[in-house]
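# Structure assessment
For reference, the chains in residue letters:
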Amino acid sequence: MLNMTVIYFISYLYLRTSLKLMFAFCLHSDEGLSKHPVSLETLYPSIKIKVYFALFISGKSKEAEIKRINKELANIRSKFKGDKALDGYSKKKYVCKLLFIFLLGHDIDFGHMEAVNLLSSNKYTEKQIGYLFISVLVNSNSDLIRLINNAIKNDLSSRNPTFMNLALHCIANVGSREMAEAFAAEVPRILVAGDTMDSVKQSAALCLLRLNRTSPDLIPMGEWTSRVVHLLNDQHLGVVTAATSLIITLAQKNPDDFKTSVSLAVARLSRIVTSASTDLQDYTYYFVAAPWLSVKLLRLLQCYPPPEDAAIRGRLTECLETILNKAQEPPKSKKVQHSNAKNAVLFEAISLIIHHDSEPTLLVRACNQLGQFLQHRETNLRYLALESMCMLASSEFSHEAVKTHIETVINALKTERDVSVRQRAVDLLYAMCDRSNAKQIVAEMLSYLETADYSIREEIVLKVAILAEKYAVDYTWYVDTILNLIRIAGDYVSEEVWYRVIQIVINRDDVQGYAAKTVFEALQAPACHENLVKVGGYILGEFGNLIAGDPRSSPLIQFNLLHSKFHLCSVPTRALLLSAYVKFINLFPEVKGTIQEVLRADSQLRNADVELQQRAVEYLRLSCIASTDILATVLEEMPPFPERESSILAKLKKKKGSGTVSDMEDSRKERSTNVNGSNDHIVTTSPSSDLLGLGHTQAAALNSASPPVTSNAASLLVDVFTESLPVVPPTSIIEENFSRFVCKNNGVLYENQLLQIGLKSEFRQNLGRMYVFYGNKTTTQFLNFSASLVCQDLNIHTTPADPVVDGGAQLQQVFNIECLLDFVEAPVLSVHFRYGGSMQNISIRLPITLNKFFQPTEMTSQEFFQRWKQLGAPQQEVQKIFKAKHSMDTEVTKAKIIGFGTALLDGVDPNPSNFVGAGVIHTKTIQVGCLLRLEPNTQAQASCSVKRTHIHAALYTLMTINCNIDYCSTDISKGKIKIFKCIFKSQHSQNK
Amino acid sequence: MIGGLFIYNHKGEVLISRVYRDDIGRNAVDAFRVNVIHARQQVRSPVTNIARTSFFHVKRSNIWLAAVTKQNVNAAMVFEFLYKMCDVMTAYFGKISEENIKNNFVLIYELLDEILDFGYPQNSETGALKTFITQQGIKSQPQTKEEQSQITSQVTGQIGWRREGIKYRRNELFLDVLESVNLLMSPQGQVLSAHVSGRVVMKSYLSGMPECKFGMNDKIVIDKQGKAGASDEAGKSSGKQSIAIDDCTFHQCVRLSKFDSERSISFIPPDGEYELMRYRTTKDIILPFRVIPLVREVGRTKLEVKVVIKSNFKPSLLAQKIEVRIPTPLNTSGVQVICMKGKAKYKASENAIVWKIKRMAGMKESQISAEIELLPTNDKKKWARPPISMNFEVPFAPSGLKVRYLKVFESKLNYSDHDVIKWVRYIGRSGIYETRC
């Protein structure tokens, strides 16, 4: 029993460290365990400690455990008392105990200092415990971090590989910003140094990867990057694996720097693939040669387009073929690990093939291979096969090949037990659908819909609707399909779907009659879904006359049919039906009396719902007063809708996020030129999800001088009464705090009773990142929150903002800014949200000014004046004389100039009261050096000048900013008037 | 109504499981174990609601007793039942421990069958139960028809708690007034809250079916009598103190109708030991001890504590088993204690200095001083300074309750009130007796 628990704990601690490392590094490889330098015996040599832990675990109840721990803690505290000197062994022992107590779930608030002391020990075990304690317990804001960093630095420079490894592991485990700051330069150096041991290199690569993930901005890109690429040629496969992980991450960020890795990766891959399974010894996993490395290399290649060099390309193709060939070979082992490893490599190879999308033979082979997997016993394999096939379906080379598997996929849809696999099957069907098989696929999906899982029904409905529309050959089929859809899964048919049917029916004359007939028949079912009633009401209201000739569907019968559903419907549907009734009055004068009777009933005229009541009153009056001519004009047939993107597609895209379907959809659209003629609605206007598009309706309604009887919120008559949004007056752009941010980066930009907007930004060369914080100062939610940025000369990437901001909560949005050109106008941030029923719009100028992209430059007095004199041309200089509104404090001015972005050059100017600055403005296209000189003049006269090149825009900016220096100084005002002169000079150089 | 009753050991293993209603499934046993016994942070509330099932639990040393129900029951009733259940078990086999429960599991199931019927509590009077549920198993000689019918008539009859035909050579009566006094005091000596909860426990060995009457210095009774005999007994009644009882509950044998109308406590007592009444008072409490703490922080690494206790009762009386518990900060690294009387020790496992004094007379004073060394930590939180708590036992009732009389009438048998030997004892104990420091 005792032994068991000891082993349990030790393996727990051990696993914890190694697992943690593995987790941090994503080191899913076998070398993580087998090559780990730590052995159990070295870790816990003391029998006493082992017994001690055993005692803990055999503690009886929770209370007993707490008592025991209190006692132990008191004992350790008395040992750690300042006046006693502890030897390394007992220090290690007690730190280890503390760590164990912490792992049991108790708070530890002392012992950190002792742990740090252990770091400077020369014994491996003591160091190991010290690092373990620090990785687990020290948080990043501790004041000990400097001591720890120092100890790590010593170990890193110790040349003892074990110690270096420990230190690197610690850096990676903690992975905080402070650590990154301290070691961002050191780790890459170790990584590429020629004399570093293999195991240390491995750790260094993974450590760097971790730092790169936590604080990518701190890792300097330097000449080491090119040498990292060469690690792919390393003898030691562990190093290669670690380096590949690192390169993948780095290459995703700056692909250009790592282009050379492609050829190396291909070479390495082909060596692995062609090697016999025993060649790699330790790195052969169940007869598969280095599967992790292969997968990583294949993934690295996916960061780049197909290699241009024919030789490399040939070699890569050969590799991929070999991998595909290997999949056909009989398995060398029955073990699941073997097949898993093999398949992992295979799937990664297939995704590379799909990524390249250039070798038809490979694509077809991949497709056939996946086809085999579709019927595999293993559920995971089937899932993966379906997923990959989905991607393959979007390639023109393999689309046909994928289509051959349609029967299998449909079968999977019907018989598969796992819902996620069925979901993939639906995706694949959607992806492989084209004109030839649309009818079959839609029919299958519809029949599946009846038994489908609730979670995926809505998606299937959308997909069916899209496919039906896209590949419809005749519209009768389309109308039938959609009505079927509503019948089968009415609850899951979103607004967009039935809006779309109506749009299409109205736009196409040839289906109107058929549609009216079909809905009329569909409505005769005793129980029909509300969505069907909506469609029915709308279509009969518009085109009821087309079927009125048939005595079985005479106007009165039509009306009675609709009205029989009236009382079962919700308010919006009833409103729609009322509009349909008034249209009937126009279409069929013979039922006018009946309808007026209905409208006149108390249940309509005195309805509790304002909307319904108003419609009833207005329609009744309209039908009584207006002449037939007027009625005919007012209640004319709806004009056709403008062509725009299918709102359903927009909805599906939104639902899936940036998922595979939408991507495929886009790529397919690009590739296939107008698959289905006029019916293919390619993106023209912005996607809008309402039936009419509010803007369009109003215009259309005004044109035809008719009250738009269809939509409920946008109706002109109704506008006055309904709770439509109050029209917010176009707000002017708020700039009040703008100038404050010229010289600083953080602060509160805007504040009113509802909202506070704060900024935090950082800039480096021509790149910047701005965190915008929206604080809700109220207690209620902001709904429909959105914030967008308008700008031309800046390339701005925005993270989407959450549409709901809770009361008292704060929302963060990140803008990644790239300066393309010199610019004058700062971007405008427009914020919209709904607060308590009213829409709020706020436009604020964001303080992103040209001076943010300044890099300070240090230069000597001689250099400065030499350049100053060079910039003599009039268009290179701006000079402005202005009055300082307040007394000018030297220190404050200095701070302002530094905040402005230039370097403050002390002692450069012969006149000590003058301020001199220099800096380079970075934009993507050009870099412009600027010199600045500020000459305060105490005699109430001063001038300011800037020397500048011909770029007027930037010149202007600098002038305005210049004034802002003055403005900013008002903050520290004392009321005295001082005047000074400011001169900017700058030089324009292309790619200096 | 109670749907089921489970008893667990400290590990959460089920020792006893009895389900009375079908709405309680097997998974309820596990639900309580997972959510309460094995919960990461300790569950403080005695009532836990898991998936619309309510669990009422009490804990006796390492044993958990949990009653389960799906209905909206009277929680007080359930707890009353659980406590009663504990009493019954203690009366049968002594301390409630895992081993005792395992050894007596047949008995416990038998008891559970008897005292709970379809989830409704039944007769849980130990004396009555002992007549037909015995620990010896089947008696050697089979019970006679008469005995069986006697039991039936007793259990179903009006006086279920006492059987007929009891005979004692010596008629004896023991009466204990047991009180526990609870206090929370500010460092300056201001009483923040104080109350006494007391019990009157009796042990009666009386023959026949005697009628008893119990009288104490209840304020309402005294005032009433004072008014009635104002002329002749005015001087006498004013000299007596009386106490105001806030609320009281009685054993089922007490005639409540009589208490409501006359406020007199009359009853036919069960045979053996039972608890006659429970009460609570909050006014005019005699606080037997006063604790005066003095805590001084000397820098960041040292703490000086001095605690004085004063006894506040008649010098002729002796308090016993006095224990003062002085909490120490969590970063204590060493403690030196000096005390004049008793023994004091730093107990690291409980984070406290425990000072024990065997005996102490009234109107005395004693003190302890301690130096506590602290280890500087990087935790910025200040020490919360938990209150100093105290335990003791005194031979009087801190509420001031006095037994005025206990009369016994037995008309059929020829013994009178004078022939009964009566013993009265007062014991005051500490409940939660705390002083802030």
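Up top you'll find the structure we're talking about.
Summary of the structure given here. Since the structure is predicted, the reported quantities are computational estimates derived from the model, not experimental observations. Per chain, the residues get numbers from 1 upward, laid out in the order the sequence is written. Whichever chain is written first becomes A and whichever ligand is written first becomes 1, with later ones labelled in order. The predicted nature of this model means local features are confined to residues of pLDDT at least 70 and side-chain atom pairs, given and counted, to a pLDDT of 80 or more, with totals for whole chains, interfaces and linings taken over all residues. Side-chain measures were taken over the full set of non-hydrogen atoms in the model, leaving aside hydrogen atoms and water.

## Thoughts on the interface of chain A and chain B
When checking whether two residues touch, look at their non-hydrogen atoms; a contact exists if any pair is within 4.5 Å. In this complex, chain A contributes 15 residues to the contact, which on the side of chain B involves 20 residues. Two parts placed together each lose some accessible area under a 1.4 Å probe, and adding up what both lose gives the buried area. Carbon and sulfur atoms make up 47% of the surface buried where chain A meets chain B, a total of about 1,600 Å² over both sides. For chain A, the biggest contributors to the area lost against chain B are A:Arg77, A:Lys81 and A:Asp109; these three give 36% of the whole. By salt bridge we mean one thing: a side-chain nitrogen of Lys or Arg within 4 Å of a carboxyl oxygen of Asp or Glu. Put simply, A:Lys81 and B:Glu373 hold a salt bridge, and the shortest N to O gap is 3.6 Å. For the purposes of these results, a polar contact is taken to be a pair of N or O atoms within 3.5 Å, where, inside protein, one atom must be able to donate a hydrogen and its partner to accept one; residues adjacent in sequence count only when each atom of the pair is a side-chain atom. Summed over the shared surface of chain A and chain B, the result is four residue pairs in polar contact (both at pLDDT 80 or more). The secondary structure listing takes helices from DSSP runs of H or I that are at least 4 residues long and strands from runs of E that are at least 2 residues long, numbered from the N terminus. By residue number, the principal contributor to the side of chain A that touches chain B is helix H5 (residues 62-79) of chain A, which donates eight residues.

## What about the sheet that holds strand S10 (residues 211-216) of chain B?
Residue and element names in this part refer to chain B. Spatial ordering of the open sheet is given by S12-S10-S22, a layout of three strands whose pairing is antiparallel. The strands lining the two open edges of the sheet, one partner per strand, are strand S12 (265-267) and strand S22 (403-409). This sheet shows a mean twist of 15° between the axes of neighbouring strands, independent of strand direction. We treat two strands as partners when DSSP finds at least two bridges between them. Orientation is described by lines fitted to C-alpha atoms, with helices fitted over the stretch in contact, and by angles between N-to-C directions that extend from 0 to 180 degrees.

## Here's the deal with the sheet that holds strand S20 (residues 365-374) of chain B
Residues and elements named next belong to chain B. The strand order across the open sheet formed by four strands is S14-S15-S20-S17, and the pairing between neighbours is antiparallel. Since the sheet does not close on itself, it has two edges, and those belong to strand S14 (289-298) and strand S17 (332-339), each with one partner. The average angle at which neighbouring strand axes cross in this sheet is 15°, direction not considered. The pairing of S14 with strand S15 (residues 302-311) spans ten bridges and is antiparallel. The partner of Leu294 across the bridge, within S15, is Lys306.

## Considerations on the packing of helix H28 (residues 495-507) of chain A against helix H29 (residues 509-523) of chain A
A packed helix pair is summarised by two numbers, namely the angle formed by the two axes and the spacing between the axes. Residue and element names in this part refer to chain A. Across the interface, H28 lies against H29 with an axial gap of 6 Å and an inter-helix angle of 120°. By the angle between their axes, H28 is oblique relative to H29. Residues Val505, Ile506 and Asn507 of H28 form the contact with H29, whose participating residues are Asp509, Val511, Gln512 and Ala515. Within the contact of H28 with H29, the residues separate by chemical class into four nonpolar, two polar and one charged. Reported orientations rely on four angle classes, namely roughly parallel under 35 degrees, roughly antiparallel over 145, roughly perpendicular from 65 to 115, and oblique for the rest. Basically, the charged four are Asp, Glu, Lys and Arg, the nonpolar ten are Ala, Val, Leu, Ile, Met, Phe, Trp, Tyr, Cys and Pro, and anything else, Gly included, counts as polar.

That's the geometry; what it means functionally is another story.
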